[in-house]
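# Summary of the model geometry
Here is what each chain is made of, one letter per residue.
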Amino acid sequence: MNICIRPIWSFPKGASYIDYIDSFKNDETKGYIIRCFANVQICINDGKRKIAIGRRTLEILQDKKVQESAPSLPWDLFIRKTHQQMSANRTIFSRTSLTPEDSATVLNSCNVFYSEQTLNEHIHDVRFVWAYYDMLHMCGFISDEEMLKYLESIIEDFEIDDYSDDGQCVNISLTGHYSYMCGEKPELYETHKKRIQEYNQRMVNTVLNLPYENINDYFLTFLMKLTVLEYVEVEGAMSYKDLIRRIIVRYAPLLYVNNMVEGDIAILLTDYIMKEDPSYFDGIKEFDSYTDINDKHEEINDYLREGCLYSDIGLLLIGYSRRDKKRDYLEDERNVTHKHAMAGHRVLSIHETTKKYADLALGHHSYYEGSKGYPEEYVRLKSDYRLMVDIVSVVSYICKTVLDYKMDFEEIIDNIRNNRQKQFSPLLIPYFDDDVFAGKIKEILDTRYDYHLRSIYEELKKPIV
């Protein structure tokens, strides 16, 4: 009897035959059932259940009677692959507490698998080699300084323009981990600042110069996100603000165009507000130091232009650039997408050059009166930038409904004017009652998309400094 179940969602179905494995005569079928059982881990989010399945799989694979029942199967390979799967669970240590038994199981697999990688001269996958050192550091067998030296020894073996898979891993993942380790501890940061600057350049060069033919799933689903998450700002290197702007331009150009148009509308609205009430933005520390009203107005416009762009940075962390625009979101996809507000707030708030935009990322999908929208973590009255969030919220609504829902412009304006669900600030609604103002918004929507789309070429030509 043979079982031919291939798709990933069939792993549990194939694994369900594990209790009847002795009844199968075909070795290949037995091997497939066992691997299905091991691969059930892929379908599970609960870390402790993953470990339990991996531990049981290893018990089966290492059972001599099971091995003798199917002598033609590559048992050593199965065992090594299962140790590899189990070793991936080391990331669980940072998210939850484990029993001593679970911890020992994971660390034993790490030791078996990563030791083999470091000792086998025929295996050169740097992702496994450095993970072995990471495990030793995590368990306290090597100090911070020793870990940093191990990272340096690996990184220095690769050129800054090595765009192979290993080169990408080294020049993005390892350099990012190095900088992140130093950034977490002030004493390490001060003594390794020059090295962080050098490694930042490696990361920036790889992310922004990576040839398009080298862009793959590993880069888009892991390395690019790692750059957004772990980049550490240091004097003499590209700022975090400039880096993520360039990443958006290169890897999410439609997001760039849409949010630049949002910025244009936000500036138009601000122009109207400042003309009618120059004191509207008084009390926001970011702008209170300006005594000249024109300088203050210009600074507010710059803030909103950049704030609109960075408000959706969290989308890069949930695979925005990979979503199929030809269909609507599935429910699970929509729930994940809603997390981009929190994700964006987190990364913006921890960097000096972007923290002033963090509340825009957090609150631009929240309703003014607070009962709807997301996330619930945004509390308007606690935000120093709430007046700016109000503006970004309404211009984001305009552009998103035009782009994603293809709603008629007149219907969009009517929804804002009626404001039945108290989604927008009542202080802003009167401006939308002005037909001339609404007409100018329509003009921006009709003309500025193409303008910003053409500007991408000039953005990509800018030198990396």
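Our subject is the structure that appears above.
Positions within a chain are numbered from 1, following the residues in the order the chain's sequence is written. Thresholds applied to this predicted model are a pLDDT of at least 70 for local features of residues and 80 or more for the giving and counting of side-chain atom pairs; totals over whole chains, interfaces and linings are not thresholded and use all residues. Note that water and hydrogens are dropped before the side-chain values are worked out from all heavy atoms of the structure.

### What about the packing of helix H21 (residues 409-418) against helix H23 (residues 435-461)?
Filter applied, for reference: Angles shown run from 0 to 180 degrees and are taken between the N-to-C directions of axes, each axis being a line fitted to C-alpha atoms and, for helices, limited to the stretch in contact. Counting from the N terminus, the helices are DSSP H or I runs at least four residues long and the strands are E runs at least two residues long. These descriptions rest on fixed angle ranges, namely under 35 degrees for roughly parallel, over 145 for roughly antiparallel, 65 to 115 for roughly perpendicular, and the rest for oblique. Left-handed is the label given to a crossing in which the near helix is rotated counterclockwise from the far helix by less than a right angle, and right-handed is the label when the rotation is clockwise. Residue contacts follow a heavy-atom distance rule, with two residues in contact if any of their heavy atoms lie within 4.5 Å. Under this grouping Gly is polar, as are all residues other than the nonpolar Ala, Val, Leu, Ile, Met, Phe, Trp, Tyr, Cys and Pro and the charged Asp, Glu, Lys and Arg.
Orientation of H21 relative to H23, taken along the N-to-C sense of each, is 135 degrees, at an axis distance of 11 Å. Judged by the inter-axis angle, H21 sits oblique to H23. Taken as a pair, H21 and H23 cross one another with a handedness that is right-handed. Contacts between H21 and H23 involve Phe-409, Ile-413 and Arg-417 on the former and, on the latter, Asp-435, Ala-438, Ile-441, Lys-442 and Leu-445. In terms of residue class, the contact of H21 with H23 is made up of five nonpolar, no polar and three charged.

### Topic: the nonpolar core
Threshold: Here, nonpolar core refers to any group of buried Ala, Val, Leu, Ile, Met, Phe, Trp, Tyr and Cys residues whose side-chain atoms link them within 4.5 Å. Relative accessible area decides the class of each residue, using a 1.4 Å probe on protein chains only: under 20% of the type maximum gives buried, over 50% gives exposed, and in between gives partly exposed.
Counting residues in hydrophobic clusters, the biggest one holds 118 residues, and the most contacted among them are Phe-281 and Met-388. Per element, the largest residue contribution to this core is eleven residues, and it comes from helix H14 (residues 253-276). Other than its neighbours up to four places away in sequence, Met-388 contacts Phe-281, Ile-284, Phe-287, Ile-300, Tyr-303, Leu-304 and Leu-360. Counting residues in hydrophobic clusters, the runner-up holds 22 residues, among them Ile-44, Ile-53, Leu-58 and Ile-79.

### Points about the environment of Thr-221
Considering the arrangement of structural elements, one finds Thr-221 in helix H12 (residues 217-230). For Thr-221, a relative accessible area of 37% corresponds to the partly exposed category. C-alpha of Thr-221 to C-alpha of Tyr-397: the two residues are 176 residues apart in sequence and 28 Å apart in space.

### Notes on the side chain of Thr-82
Structurally, Thr-82 can be placed in helix H5 (residues 75-87). Residue Thr-82 is classed as buried on the basis of its relative accessible area of 0%. With residues up to four places along the chain from it excluded, the contact list for Thr-82 reads Arg-35, Ala-38, Gly-54, Thr-57, Leu-58 and Leu-61.

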